[in-house]
Structures are given as structure tokens and as C-alpha cells.
Amino acid sequence: MRVLITRHKVDAAKTAESLKEQGHEPVLLPLFEVADTGNADPSTDFDGYIFTSGNAVSVLDGRGWRCSGNNAVAFCVGNKTAEE
């Protein structure tokens, strides 16, 4: 099966490799890039965080940012995001 992959380059390559191993023909068309916008980190504590993509977690980790408060809860969309 030919499969169109529109993820950004790094994740697209990983997805393509996985699809090849399963006998598919991946076609790469990266339509966006993941980039840190440089917006300032919030200066307040939160009780919870929602992450819809592991990319956001990676950017925050690159900044050295950590969730504040010992009781903060992280809600993640998908297992890969939760693993990040």
C-alpha cells in the first residue's frame, strides 16, 4: 500500500521506516516544521498541564523547563506524548 506521510521530517522518516518494515511504500511530504517560537515561559505554577504532542514536551525539555509543583498532573494525548 502507498501511504502519504505529512509529518515533519524527523518523525516522517521514523514513520516511513516503520511502514517499510511492514511492506508498505511510504511517500514523504513534510508539510510543517517543529520550532520553538521563543515565547516566554509562564511565570506561575499550574495544577495541571495538557500536552497534545510530544514535540511540545521536547521543546520545553530543550529549554530546561520543568513542571512546577509536586502535585501537578500532566494529561497527554497518546502514548508517545506520555512517554516524552
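Above: the structure in question.
Counting starts from 1 at the beginning of each chain's written sequence and moves along it residue by residue. Given that this is a predicted model, residues contribute local features only at a pLDDT of at least 70 and side-chain atom pairs are listed and counted only at 80 or more, while totals for whole chains, interfaces and linings are drawn from all residues. Excluding hydrogens and water, the side-chain figures rest on all heavy atoms present in the structure.

Asks: Give a detailed account of the nonpolar core, specifying residues and quantitative values.
Replies: Among buried residues, those of type Ala, Val, Leu, Ile, Met, Phe, Trp, Tyr and Cys that are joined through side-chain atoms within 4.5 Å constitute a nonpolar core. Partly exposed describes any residue whose relative accessible area lies between the buried limit of under 20% and the exposed limit of over 50%, with all areas from a 1.4 Å probe on protein chains only and scaled to the type maximum. Listed in full, the five residues of the largest apolar core are Tyr 49, Phe 51, Val 57, Leu 60 and Trp 65. A run of H or I in DSSP counts as a helix once it spans at least four residues, and a run of E counts as a strand once it spans at least two, with each numbered from the N terminus. Mapped onto this core, the elements with two or more residues apiece are β3 (48-51) and α2 (54-63).

Asks: Got a sec to walk through the environment of Asp 11? Specific residues and values, please.
Replies: Following the sequence through the fold, Asp 11 ends up in helix α1 (residues 9-21). The class of Asp 11 is buried, set by a relative accessible area of 16%.

Asks: Pulling in residues and values, what's your account of the layout of surface pockets?
Replies: Here a cavity denotes grid points, spaced 1 Å and computed from the protein atoms alone, that fit a 1.4 Å probe unable to get out, and a pocket denotes an open set having protein on both sides within 12 Å along at least 5 of 7 lines; residues with an atom within 4 Å of a point are the lining. Grid points are joined across faces, edges and corners, and a volume is the space filled by probe spheres set on the points. Reported here for the largest pocket is a volume of approximately 420 Å³. Around the largest pocket, the lining comprises 17 residues; the ones closest to its centre are Arg 7, Asp 11, Asn 55, Lys 80 and Glu 84. Counting residues per element, the ones that place at least two in the lining of the largest pocket are α1, α2 and α3 (79-83). Lys, Arg, Asp and Glu make up the charged group, whereas Ala, Val, Leu, Ile, Met, Phe, Trp, Tyr, Cys and Pro make up the nonpolar group; the residues left over, Gly among them, are polar. Of the residues that constitute the lining of the largest pocket, the class distribution is three nonpolar, eight polar and six charged. Approximately 180 Å³ is the volume found for the second largest pocket. Together, Phe 51, Val 57, Leu 60, Asp 61, Trp 65, Arg 66, Cys 67, Ala 74, Cys 76, Thr 81, Ala 82 and Glu 84 line the second largest pocket. Ranked by residues supplied to the lining of the second largest pocket, first place goes to α2 with three residues. Its residues assigned to classes, the lining of the second largest pocket comprises eight nonpolar, one polar and three charged.

Asks: Explain the packing of aromatic side chains to me, and be specific about the residues and the numbers.
Replies: The pairing test for Phe, Tyr and Trp rings, Trp by its six-membered ring, is centres within 6.5 Å, and the orientation test on the planes gives stacked under 30 degrees, edge-to-face over 60, and tilted for anything in between. Tallied over the entire structure, the rule returns three aromatic pairs. Aromatic side chains Tyr 49 and Phe 51 sit 6.4 Å apart centroid to centroid with 10° between the ring planes, which places their arrangement in the stacked category. Relative to Trp 65, the ring of Tyr 49 lies with its centre 5.5 Å away and its plane at 80°, an arrangement referred to as edge-to-face. With Tyr 49 in strand β3 and Trp 65 in the loop between α2 and β4 (73-76), this pair connects stretches of sequence that are 16 residues apart. For Trp 65, a relative accessible area of 17% gives the class buried.

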